[in-house]
Amino acid sequence: MGSLSVPTDIFNPLDINTFTQESQMVLNFISDYYKNVENFPVQSQVEPGYLWKNSPNTPPNSPESLETILDDIRSSIIPGLTHWQSPNFFAFFQANASTAGFLGEMLCTGFNVVGFNWITSPAATELERVVMDWMGKLLNLPSPFLFSGNGGGVLHGSTCESIVCTLAAARDALLKEVGGDKITKLVVYGSDQTHFSLQKASKLVGIPPSNFRALATTASTGFGLCAHDVRKAMQEDVASGLIPLFLCATVGTTGCGAVDPIESLGHVAREYGVWFHVDAAYAGSACICPEYRHYLDGVEHADSISMNPHKWFLTNMDCCCLWVKNPRSLVDSLSTDPEILRNEATESMGVVDYKDWQIALSRRFRAMKLWVVIRRYGVANLMAHIRSDISLAKRFEALVKTDSRFEVVVPRRFALVCFRLKPPRKGEDDDDGSKLNRKLLGAINSSGRAYMSHSVVGGTYTIRCAIGTTLTSQQHVEAAWKLIQEKADHFLLV
Ligand SMILES: *Cc1c(COP(=O)(O)O)cnc(C)c1O
């Protein structure tokens, strides 16, 4: 073999003095980062391959100092970051970081337990049950979704995972009735605004691509799914020998914040006996405030609902809450019963074994994080956090409306504003305004002073300004608007 040599010092990767000292260094490093985060270009300006080209192509044989590593992070990694914690980040949906979320994450990482079943860390499982019922009560979910009402919840890493798991549960429950050979007949329904995670999940659980329905939405329903259209699609599918399986409604779509009518969709779902899932990944957090809770009206008709505290609930990545009315259906689909995991607690059937509620075996102690966030801030402050973001979004929307060159494309519901420059007059080189707005967005983002993203809603290219990073305040929103106007001046002149 080559020159790999054994270190001479005694190697202790969890030496407590080093742990304390170096953790403190990293904490200081992160505090400095937050202090300076506004000074970096929000969207990373590096070229593809920038890091790959300049990195050693073999790993070090001997230890390097933490100072050296942090220096490299400062000089090579930070320039390649898009700063999601910058107050000038308005793209996609925010990923809230907070002190409590960070502390919870530290505790989760520090204990580093793997609570895949109850006995591998009873506190991890039981705290997750507690915190899922807390969150369910914050959203005023009907009791059948709570453990206290014979339903239950689980923390996943992402909505994508939650949808795969519920879809698998729905598939297996239905196939048990109609026969496994019918899998090619099953149909999944959403709208053209539904997050692509539904399509991905359908592929993963073996639904033929031609049996995935993304029903068209229009401005007349605020880009919400129309129950009548869903009923018609299901009727037609049944008539042609297909079997409706799963309907996904969204509260707060990614593209434009649209809300599907849960109540009326719930009735259609019951009529056709399909599994009804509510995806409230983004806007679910807002529904803790009584004035937004009506968006969940009708959720009693759903079989499952999910939302992401890692977006708007001050909970650092990753954290997705999924509630199901019938946990047995998840377990029936996802459990295996391997000999190596046999234990008395499981056999007593008196405990939750969360490995059977998710894809992976190993799982993080995410409940710790959400529990610390809720306790440290309290419900009143969590509501205040949501309300303050929504009032900033109202402010931004009002600013857009003061400038006649612009329009708000979709009425704002939460803290996402979809706007664009009105298209130029007919006959000019731009057909529908998409070229112009794409250029405008490019100019905003390459300035480094703000970062926004886009969507296409009802065929219209729109710029999305999603307000809600933890550090964003009115001055940032106003500066972003000024920047947009400045860039628009430039494009409309040339
Ligand atoms: C962000 C988002 C998702 C995807 O969430 P992940 O946790 O990243 O999988 C799904 N649905 C909606 C409506 C979203 O906004």
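Residues numbered from 1 in each chain as written. Predicted model: local features only at pLDDT ≥ 70, side-chain atom pairs only at ≥ 80, totals over all residues. Heavy atoms only, no water.

K.L.:
Sorry, what's going on with the sheet that holds strand β1 (residues 152-156) here?
P.N.:
Remark on secondary structure: sheet strands pair via backbone hydrogen bonds, oriented parallel or antiparallel. Taken in spatial order, the 7 strands of this open sheet run β1-β7-β6-β5-β4-β2-β3, and their pairing is mixed. Of all strands in the sheet, those with a lone pairing partner are β1 and β3 (212-215), marking the two edges. The mean angle between the axes of side-by-side strands here comes to 20 degrees, regardless of whether they run parallel or antiparallel. Pairing geometry for strand β2 (residues 186-191) and β3, over 4 bridges, is parallel. Pairing of Tyr 189 across the sheet is with Arg 213, part of β3. (Pairing = 2+ DSSP bridges. Helix = DSSP H or I, 4+ residues; strand = E, 2+ residues; numbered from the N terminus. Axes fitted to C-alpha atoms, helices over the stretch in contact; angles between N-to-C directions.)

K.L.:
Would you mind going over the pairing of strand β9 (residues 416-421) with me for this structure?
P.N.:
Extensive coverage of β9 is indicated by the burial of 6 of its 6 residues. In β9, alternate side chains face the same way, and those of Leu 416, Cys 418 and Arg 420 on one face and Val 417, Phe 419 and Leu 421 on the other are all buried. Summarising the sheet, strand β8 (residues 406-410) and β9 pair through 4 bridges and their orientation is antiparallel. Counted as the bridge partner of Val 408 is Phe 419 from β9. The antiparallel hairpin formed by β8 and β9 contains 5 residues in its connecting segment. (Buried < 20%, exposed > 50% of the residue type's maximum accessible area, 1.4 Å probe, protein only.)

K.L.:
Honestly, the domain arrangement of the protein chain in this entry has me stumped. Any pointers?
P.N.:
Quite often, the size of an interface is put as the accessible area lost when its parts meet. Entries for the protein chain in the domain assignment read domain 1 (17-83), domain 2 (102-379) and domain 3 (384-493). If you average the C-alpha positions of domain 1 and of domain 2, the two centres end up 36 Å apart. (Domains from an automatic or database assignment.)

K.L.:
Is there a simple way to think about the site of the ligand in this case?
P.N.:
Contacts to the ligand come from 14 residues, most closely from Thr 159, Cys 160, Asp 279, Asn 308 and Lys 311. One nitrogen or oxygen atom from the main chain of Cys 160 is found 2.9 Å from an oxygen atom belonging to the ligand. Isolated, the ligand exposes 390 Å² of accessible area, and the fraction of that covered by the protein chains is 87%. In this structure, the ligand is accommodated by the largest pocket. Those elements giving two or more residues to the shell around the ligand turn out to be α6 (159-178) and α10 (309-312). Split into classes, the residues belonging to the shell around the ligand amount to 3 nonpolar, 9 polar and 2 charged. (Near = heavy atom within 4 Å. Polar contact = N/O pair within 3.5 Å; in protein donor to acceptor, adjacent residues only side chain to side chain. Areas by Shrake-Rupley, 256 points an atom, 1.4 Å probe, with all protein chains shown as cover. 1 Å grid on protein atoms, 1.4 Å probe; cavity = no way out; pocket = protein on both sides within 12 Å on 5 of 7 lines; lining within 4 Å. Sits in = over half its atoms within 2 Å of the grid points. Nonpolar A, V, L, I, M, F, W, Y, C, P; charged D, E, K, R; others polar.)

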